[in-house]
Amino acid sequence: MHRNWFWGTFFVLAAGILIASQLGVLSYHIGFWTLLIAMFLVATFVGSLIQISVTGMIFSLAFLAIIFAKPLGIVALAPWTILGAALLLSIGLSMIIKPRWRWHRNITWEGHHGRGWDKNFHHGYDDIKTVNESETIVDVNMSSSIRYLQSTDFKQAMIKVSMGNAKVYFDNVVLDEDGATIVVDGSLGGIELYLPRAWNVTSNVNTSLGVVEEKGIQESVEEGPKVTIQGDISLGSLNIIYI
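The structure presented is a predicted model; accordingly, all values stated were derived computationally and were not measured. (Residues numbered from 1 in each chain as written. Predicted model: local features only at pLDDT ≥ 70, side-chain atom pairs only at ≥ 80, totals over all residues. Heavy atoms only, no water.)

A. Main features of the nonpolar core. Counting 28 residues, the largest nonpolar core has Ile159, Phe170, Ile182, Leu193 and Leu195 as its most contacted members. Secondary-structure elements contributing two or more residues to this core are strand 4 (135-141), strand 6 (156-162), strand 7 (165-169), strand 8 (180-187), strand 9 (190-195), strand 10 (200-208), strand 12 (226-234) and strand 13 (237-242). In this structure, Leu195 is in contact with Phe170, Ile182, Val201, Ile229, Ile240, Ile241, Tyr242 and Ile243, ignoring residues within four places of it in sequence. (Core = buried A, V, L, I, M, F, W, Y, C linked by side-chain atoms within 4.5 Å. Buried < 20%, exposed > 50% of the residue type's maximum accessible area, 1.4 Å probe, protein only. Helix = DSSP H or I, 4+ residues; strand = E, 2+ residues; numbered from the N terminus. Contact = heavy atoms within 4.5 Å.)

B. Up close: the sheet that holds strand 8. With parallel pairing, 5 strands are arranged side by side in an open sheet as 4-6-8-12-10. Each edge of the open sheet is held by one strand with a lone partner, namely strand 4 and strand 10. Sheet twist, expressed as the mean angle between neighbouring strand axes with direction ignored, is 10°. The pairing of strand 6 with strand 8 spans 7 bridges and is classified as parallel. Looking at strand 8, one finds that Ser162 is bridged to Ser187. (Pairing = 2+ DSSP bridges. Axes fitted to C-alpha atoms, helices over the stretch in contact; angles between N-to-C directions.)

C. Molecular detail of the packing of aromatic side chains. Taken as a whole, this structure holds 4 aromatic pairs when the rule is applied. For the ring pair Tyr148 and Tyr169, a centre distance of 4.9 Å and an interplane angle of 15° mean the geometry is stacked. You can see Tyr148 sitting in strand 5 (residues 144-149) and its partner Tyr169 sitting in strand 7, a full 21 residues away along the chain. Take Tyr148 and Tyr169: they sit in the same class, and that class is buried. Centre to centre, the rings of Phe170 and Trp199 are 6.0 Å apart; their planes meet at 65°, and the pair counts as edge-to-face. Pair noted here: Phe170 is in the loop between strand 7 and strand 8 and Trp199 is in the loop between strand 9 and strand 10, with a separation of 29 residues, a long-range link. Every member of this aromatic cluster is reached through a ring pair, and the members are Tyr148, Tyr169 and Tyr194. (Phe/Tyr/Trp six-rings, centres within 6.5 Å; stacked < 30°, edge-to-face > 60°.)

D. Expanded view of helix 3 (residues 54-67). For helix 3, with 14 residues, the first-to-last C-alpha span of 20 Å sits near the 20 Å given by 1.5 Å per residue. Along helix 3, the residues that are buried comprise Val54, Gly56, Met57, Ile58, Ser60, Ala62, Leu64 and Ala65. (Expected span 1.5 Å × (residues − 1).)

E. Seen up close, the sheet that holds strand 7. A sheet is described by the order of its strands in space; here 6 strands give the open sequence 3-5-7-9-13-11, paired in parallel fashion. In the strand order of this sheet, the two ends are held by strand 3 (127-131) and strand 11 (211-215), each with one partner. Within the sheet, the average angular offset between the axes of one strand and its neighbour, ignoring direction, is 10°. Relative to strand 5, strand 3 runs parallel, the two sharing 5 bridges. Paired with Asp127 across the two strands is Ser145, which belongs to strand 5.

As structure tokens, this is what we get:
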């Protein structure tokens, strides 16, 4: 509720700033595309803050500084000095502020392939759950979530991410004999799907300023239940990882 209120107010103010700048009320004119890029960078900064990504936070601020160099009075520094300083700050702070997550060997989760996945290393994730349902909904809004699916007749997963991140593990899933569908809807965020490499997977995802990547080696499978991945990714990413 509070997150929706915050971002709702943020976009309303952004609309007001855009209109005011076009009417000449503000001393500095802000174009539509400039404001849109700035909003994306702010969202990236928030996402990096959630993930405790020093590099993401610093470079988001650096690009904002480059965009608004004139009103900030730092035109002489843009762009290379700002980017160089951001790079050095990123390296230095990353060495000082070390990641606080670590592997705990005493608590593991075994998937179908015998791999030990440790749930405790996912530091910074707000919501971690194990779900045993044939149809699953993952709705992430300005947060980070992890789902471990363990259905014995998996049919469908609907994954919606807005300004956040979601990891969904399908290792411990048995497909329904008629196959299954994974529907993704991502905007200003990231979705990671961890799929068994022996699955017969077809991906048909629409992208708008987004990216879809497949990682790992998928086995050549023509028989058995079919898994279809579909949906939309806008200003975000979808990683399909075969394990």
